[in-house]
Amino acid sequence: MSKLILSMLIAVVFASSALAGDLFPRFKGVAPVNNAKYESECGSCHFAYQPGLLPSRSWRKLMEPGELEDHFGDNAEMEEGERLAILDFLVKHAAETSWYKRSTKINRSVRRDERPLRITETRYIKRKHEDIQRKMIQDNPKVRSLSYCNNCHMRAADGVYDDDTVRIPGFPDW
Amino acid sequence: MKLRWNCYLLALAAISILSSGQAIAQDFRMPGYGDYSGYALLPSDSIYLARNDTDMPTHSSGTTIEEPFRESWFTANKIHGYLGLSSLILAGVAAATAPDDDEGAPATPVNKGTHHNAATAAAALGAAAVTSGFLLHWDDVNPENGLLDRDNLHMLLGVLATAGFIAAVSQAPQESHATLGMAGGVAMGIGIVLEW
């Protein structure tokens, strides 16, 4: 029996190591950004949202010259070459092209005839955040909006958005 | 008094579920993993003593000091994962230690050997994983999303796998139990990969 307990302990240790992502890469969140141009151009003003957070039709619309002129209240125009290069990256890694779980869930929650421009407008993201009180997000000066993913999702830059990596500023026991 | 092996298994399953419950309630957090991140650090005599009357700069943004985020290894989600993965690993151990048919009767009775114990433990851990999964992620399972939804499929395969393990253990040593056990292992493996 002692051998069995030992084997169970080994199994649990192996399982914990594997789950920590040390042994095998994980695909539960969204694919992290791996494009320096996108990170420098878009990430210099706001969090570099992973392309897997929206379907390609949304990115196409967002990256239209007219949309960039008024990019949620700011002018985000860029050179045509850069715009096309970034659009290409976004479309190639959009939600519907990804095996990552959150991307597939986001993509399935957006109807074919819809083209949301905000990640926070997708049904999946709305549903995942619907129970969070207003005082924790909108009325929290350290968060302000769901759009600032990385204010609470501590590993957002890695594409990890699970509950275990959430820390809402000012609400340690949320 | 000598406890039976099954009692150990039941105790293990009970501890696992209780731990999940405690972690959900966030009563069982490990200290030093961000629990105190939002606590205000107010000036006090002890702090002034530590400063030793030197002109140390005070925190410019107020009194709150944020600790760097450290992901805890012990959360309700992670316990669910450990249970499922451990169940699969032990099912593999059970398969690997199954007596071959052409070897004739095993030297020691199978029901006291590694094969039997590993299979029973796999079933118990699988049941604990399913229970903790329902407790933690019931809102992620939604029939409206269809059977091909990753969460729905994960739940379905986890339940089928555990049912397979339990059926295999209860039918042993009949020949058919191997098929049930292997089918359960495949279902558990696919279910885990879907959420990996």
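Residues numbered from 1 in each chain as written. Chains lettered and ligands numbered in written order. Predicted model: local features only at pLDDT ≥ 70, side-chain atom pairs only at ≥ 80, totals over all residues. Heavy atoms only, no water.

The subject of this paragraph is the confidence of the model for chain A. With 91% of its residues at a pLDDT of 70 or more, chain A has an overall mean of 91. Per-element confidence in chain A is highest for helix H3 (residues 56-62) of chain A, whose mean pLDDT is 98, and lowest for helix H1 (residues 2-19) of chain A, whose mean pLDDT is 68. (pLDDT = per-residue confidence, 0-100. Helix = DSSP H or I, 4+ residues; strand = E, 2+ residues; numbered from the N terminus.)

So, on to the state of the cysteines. Residues and elements named next belong to chain A. Under the definition given, this model contains 0 disulfides over all chains. Cys42 takes part in no disulfide bond, and the closest cysteine sulfur, belonging to Cys45, lies 8.3 Å away. Judged by relative accessible area, which is 11%, Cys42 ranks as buried. In this structure Cys152 is a free cysteine whose sulfur lies 9.3 Å from that of Cys149, the closest cysteine sulfur available. (Disulfide = S-S within 2.5 Å. Buried < 20%, exposed > 50% of the residue type's maximum accessible area, 1.4 Å probe, protein only.)

With that out of the way, let us pick up helix H3 (residues 76-96) of chain B. Between its first and last C-alpha atoms H3 of chain B spans 30 Å; for 21 residues at 1.5 Å apiece the expected length is 30 Å, and the two agree. Summarising burial for H3 of chain B: 15 of the 21 residues are buried, a large majority. (Expected span 1.5 Å × (residues − 1).)

Residue and element names in this part refer to chain B. Looking at chain B as a whole, the pLDDT averages 75, with 60% of positions reaching at least 70. Per-element averaging of pLDDT across chain B places helix H2 (residues 45-51) at the bottom with 44 and helix H5 (residues 150-171) at the top with 96. Note on residues 24-62: pLDDT is under 50 here. Beyond four places in sequence and across chains, it has 45 contacts. Here the complex is predicted with pTM 0.76, and the ipTM for its interfaces comes to 0.83. (Contact = heavy atoms within 4.5 Å.)

The geometry of an aromatic ring pair comes down to the distance between the two centres and the angle between the two planes. Residue and element names in this part refer to chain A. Tallying each qualifying case throughout the model produces 4 aromatic pairs over all chains. Pairing Phe47 with Tyr49 gives two aromatic rings, centres 5.4 Å apart and planes at 90 degrees, and the pair type is edge-to-face. Judged by relative accessible area, Tyr49 falls into the buried class, the value being 16%. (Phe/Tyr/Trp six-rings, centres within 6.5 Å; stacked < 30°, edge-to-face > 60°.)

Turning our attention to the environment of Pro51 of chain A. Residue and element names in this part refer to chain A. In this fold, Pro51 is placed in the loop between helix H2 (36-41) and H3. You can call Pro51 buried: its relative accessible area is 3%. For the pair Pro51 and Glu39, spaced 12 residues apart in sequence, the C-alpha separation works out to 11 Å. Not counting the four nearest positions on each side in its chain, Pro51 is found in contact with Val33, Trp59, Phe89, Leu90, His93, Ala94 and Ala95.

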